[in-house]
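Report on the structure
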Amino acid sequence: LVRLKADAYEAARTGVQVERKWQDAVVQYVEDNADKRRLFYDQAHFQKLDLYLRGYRLKDINMNVLRPFIQDRKLKDGVANGTINRALEVVRHVLNMARDDWGWITRVPKIRMMKEPKRRVRFLTEEEVDRLILALPEHMVPVVRYALATGCRMSEILRLEWSRVDLGRRVSWLEPGTTKNGEGRGIPLNRDAILALRSVQGQHKRWCFTYRGKRMEAIGSAWKRSLKRAGIENFRFH
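Report on the accompanying structure. Note that residues are indexed from 1 along each chain, following the sequence as it is written. With the structure being a predicted model, the display of local features is reserved for residues of pLDDT at least 70 and the display and counting of side-chain atom pairs for 80 or more, all residues being used for whole-chain, interface and lining totals. Hydrogens and water molecules were not included; the side-chain quantities draw on all heavy atoms of the structure.

Describing the overall build of the protein chain
By the criteria applied, helices consist of DSSP H or I runs no shorter than four residues and strands consist of E runs no shorter than two, each listed in order from the N terminus. When helices and strands are counted, the protein chain shows 10 helices and five strands. Only protein chains enter the accessibility calculation, which uses a 1.4 Å probe; a residue whose area is less than 20% of its type maximum is buried, one above 50% is exposed, and one in between is partly exposed. Looking at the 238 residues of the protein chain, the share that counts as buried comes to 40%. Considering only contacts within the protein chain whose residues lie at least 6 apart along the sequence, 60% involve residues at least 24 apart. Of the accessible surface of the protein chain, which amounts to about 15200 Å², a share of 50% is contributed by carbon and sulfur atoms. Residues count as neighbours in contact if any of their non-hydrogen atoms are within 4.5 Å of one another. What sets the accessible areas is the Shrake-Rupley method with a 1.4 Å probe; for residues, cover comes only from the shown protein chains.

Take a look at the structure:
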């Protein structure tokens, strides 16, 4: 970053623009997006991309340069097209910033996304819900009941604090920055949601849903085993 700032000063002094490389753009991108909620995921993509793009000038990056990355991720690593597309979106975003925000390049090549299967919504039937509840370990039952009652995402549920729950008014709320789109919102609580919360009331001073005295970080393998015991296929916790 210090070198980038020195180069910028020199370019302003002499009028000669330094040709930037991919790693320069990554450093600048991380600096400019330090408060971005999903920067952690972008950095994971950068680690994968580094082997293929390190040393390339930004103006030389195009689909021909990215093709080895795409092929290796698909054939060697066996990842889905959607995972590859998320990395390509990061590349496109970096190049757009290099053009629009930093003035390092004058054009951005067309980066084509790979075809992804159409997403479909999978709801549980009432009979499947009953089977799933019976198959769950005890500490996960309130989590799943709350999810079924509210439609909240897993991360929103596992990070729910009692300070954001009002059982009297039958509402909970998600603060800005705690949701996927970064916006806060209120969650009306029906009877099932209230019962799920009351079943864990008093177990922890701060967190609503806990396991062995600590906030649940994820539901992981226990969720998969429960689905298998319940005979439920092609279903995931959003």
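Thoughts on the sheet that holds strand S2 (residues 171–174)
Strand pairing within a sheet occurs via backbone hydrogen bonds; the two strands may be parallel or antiparallel. Strand order in the open sheet made by the three strands is S1-S2-S3, with antiparallel pairing throughout. Two strands close off the open sheet at either side, each with one partner strand: strand S1 (165–166) and strand S3 (185–188). When DSSP finds at least two bridges between two strands, those strands are taken to pair. In terms of strand pairing, S1 meets S2 through two bridges, oriented antiparallel. Across the sheet, the residue bridging to Val165 is Ser172, located in S2.

Examining the nonpolar core
Throughout, nonpolar core names a set of buried Ala, Val, Leu, Ile, Met, Phe, Trp, Tyr and Cys residues whose side chains join them through atoms within 4.5 Å. Among the nonpolar cores identified, the biggest contains 38 residues, and Tyr146, Leu197, Phe209 and Trp223 are the most heavily contacted of them. Among the elements of the structure, helix H6 (126–135), helix H7 (141–150), helix H8 (154–158), helix H9 (191–198) and helix H10 (220–230) are those that each provide at least two residues to this core. The element that contributes the greatest number of residues to this core is H7, accounting for five residues. With 31 residues, the next largest nonpolar core counts Val26, Leu39, Ile70 and Val79 among its residues.

Some points on the pattern of salt bridges
Criterion for a salt bridge: a side-chain nitrogen of Lys or Arg within 4 Å of a carboxyl oxygen of Asp or Glu. Taken as a whole, this structure holds 15 salt bridges when the rule is applied. Across the pair Arg86 and Glu116 runs a salt bridge, and its minimum N-O distance is 2.9 Å. Placement of the pair is Arg86 in helix H5 (residues 81–100) and Glu116 in the loop between H5 and H6, with a sequence separation of 30 residues. On the basis of relative accessible area, Arg86 is assigned to the partly exposed category, the value being 28%. When its relative accessible area of 33% is taken as the criterion, Glu116 is described as partly exposed. Measuring nitrogen to oxygen at the nearest pair gives 3.9 Å for the salt bridge that ties Arg191 to Asp192. The class of Arg191 is exposed, set by a relative accessible area of 58%.

Remarks on H10
If you check which residues of H10 are buried, you get Ala222, Trp223, Ser226, Leu227 and Ala230. End-on view of H10: buried residues confined to an arc of 135°, all on one side of the axis. When the buried face of H10 is taken as reference, the exposed residues oriented beyond 90 degrees from it are Lys224, Lys228 and Arg229. Contacts from the buried residues of H10 go to H6 and H7. Just beyond H10, the residue with positive phi is Gly231, at close to 70°. This arc describes the spread of directions from the helix axis toward the C-beta atoms.

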